[in-house]
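Residue-level structure breakdown
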Amino acid sequence: MPKSLISIQDLTKDEMLHILDVAKEFEKNREQDFLKGKVIACLFFEPSTRTRLSFEAAVNRLGARVIGFPDARNTSVSKGETLEDTIRIVSNYTDMIVMRHPVSGAAATAAAIASVPVINAGDGANQHPTQTLLDLYAIKKTQGKLEDLTINMTGDLKYGRTVHSLTEAMSFFRPNFIYTAPQELKMPEEYLDFLKDRKIPYTETSVLEDHLNDCDILYMTRVQQERFTNKEEYEKVKNVYRLTASMLGNVKPNMKILHPLPRINEIATDVDDTPYAYYFKQAGGGMYVRMAIISYLLGYR
Ligand code: CP
């Protein structure tokens with residue numbers, strides 16, 4: 001079976017560090033063309049700006065070509081074709097499939113059928129492993145290390161797939177986690193059990209101000225409106241946190257604010273001009289990290 005990236009747990013610690021090193025190499029020289037002749041499908045069954053465009057830019061910078069569709073409603077899925085059949089067909093045309101899908105587990109289903117590597121570009125509320133690798137890239141770049149950091153993940157920890165993947169990835173690096181969320185959006189028990197099994201310390205709070213001053217990374221997330229089945233429940237929590245520049249007076253000097261983006265209202269725009277804001281640069285690194293992931297899975301780095 002080809003090597004796919006479905007969950008961050010598909011990679012060892014050494015593989016993650018290798019991908020970060022390769023991304024650094026590509027950031028120094030992004031004009032590469034060793035994938036000339038390859039065709040990579042970007043199948044996005046859910047909206048995306050960063051993941052899709054950075055993957056497409058990565059494919060182009062590596063010399064390969066991209067195929068995909070602008071909107072899943074224009075595919076034969078709208079006629080009732082299954083994901084399994086879609087993947088069987090696209091496997092015939094391409095060397096790799098990058099897929100985002102609203103259903104948790106859809107990427108694993110695709111990988112089990114595909115004859116080419118599959119990269120999970122986000123499946124429901126489950127995992128977003130390529131986001132995690134670019135998060136690690138940003139953390140390492142800003143802190144100079146991944147080890148012994150206090151990571152405060154704030155917002156929608158229930159439906160936010162990025163915090164699930166990041167928790168698992170950081171577990172290799174002796175982290176101390178702070179999970180800031182209202183009761184309705186707290187980190188799912190399976191991830192807390194994962195930490196307990198590994199004796200990794202974590203603290204839970206619902207108050208944003210509680211741990212702003214003792215973290216190295218403040219990882220903000222938006223409330224994931226599209227995952228709520230009940231509109232009233234979303235309305236109740238949609239404005240739960242709003243980080244403003246005035247709240248950052250006593251944070252650690254090298255603290256950095258990350259966010260997978262898009263942001264809605266959880267980070268005020270006055271934070272953008274502070275030395276702590278790193279979310280736009282974080283997203284910028286995504287292209288190099290995705291170049292590295294593609295190269296690694298295809299056996300070129
Ligand atoms: N971070 C992220 O997945 O952004 P997009 O939804 O824009 O791809």
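This text goes with the structure placed above it.
Residues numbered from 1 in each chain as written. Predicted model: local features only at pLDDT ≥ 70, side-chain atom pairs only at ≥ 80, totals over all residues. Heavy atoms only, no water.

Moving on: the overall build of the protein chain. Counting its regular elements, the protein chain contains 10 helices and 9 strands. Taking 19 Å as the expected radius of gyration for a compact globule of 301 residues, we find that the protein chain reaches 19 Å, a close match to that expectation. Taking the principal axes of its C-alpha atoms as reference, the protein chain extends roughly 55 × 45 × 40 Å. Counting only residues that meet the buried cut, the protein chain has 57% of its 301 residues in that class. Here the analysis covers contacts within the protein chain between residues at least 6 apart in sequence; of these, 74% occur between residues at least 24 apart. Carbon and sulfur atoms form 48% of the exposed surface of the protein chain, whose accessible area is close to 13000 Å². Side chains of the protein chain carry 37 positive and 39 negative charges; the gap between the two charge centres is 5 Å. (Helix = DSSP H or I, 4+ residues; strand = E, 2+ residues; numbered from the N terminus. Rg over C-alpha atoms; globule rule 2.2 N^0.38 Å. Buried < 20%, exposed > 50% of the residue type's maximum accessible area, 1.4 Å probe, protein only. Contact = heavy atoms within 4.5 Å. Areas by Shrake-Rupley, 256 points an atom, 1.4 Å probe, with all protein chains shown as cover. Lys, Arg positive; Asp, Glu negative; His and termini not counted. Charge placed at Lys NZ, Arg CZ, Asp CG, Glu CD.)

All residues in the neighbourhood of the ligand are listed as S48, T49, R50, T51, R100, H128, Q131, P260 and L261. A distance of 3.0 Å separates a nitrogen atom of the ligand from a polar side-chain atom of Q131. L261 places a main-chain nitrogen or oxygen 3.1 Å from a nitrogen atom of the ligand. In isolation the ligand exposes 250 Å². Once the protein is present, 91% of that is buried. Among the residues forming the shell around the ligand, the class breakdown is 2 nonpolar, 5 polar and 2 charged. (Near = heavy atom within 4 Å. Polar contact = N/O pair within 3.5 Å; in protein donor to acceptor, adjacent residues only side chain to side chain. Nonpolar A, V, L, I, M, F, W, Y, C, P; charged D, E, K, R; others polar.)

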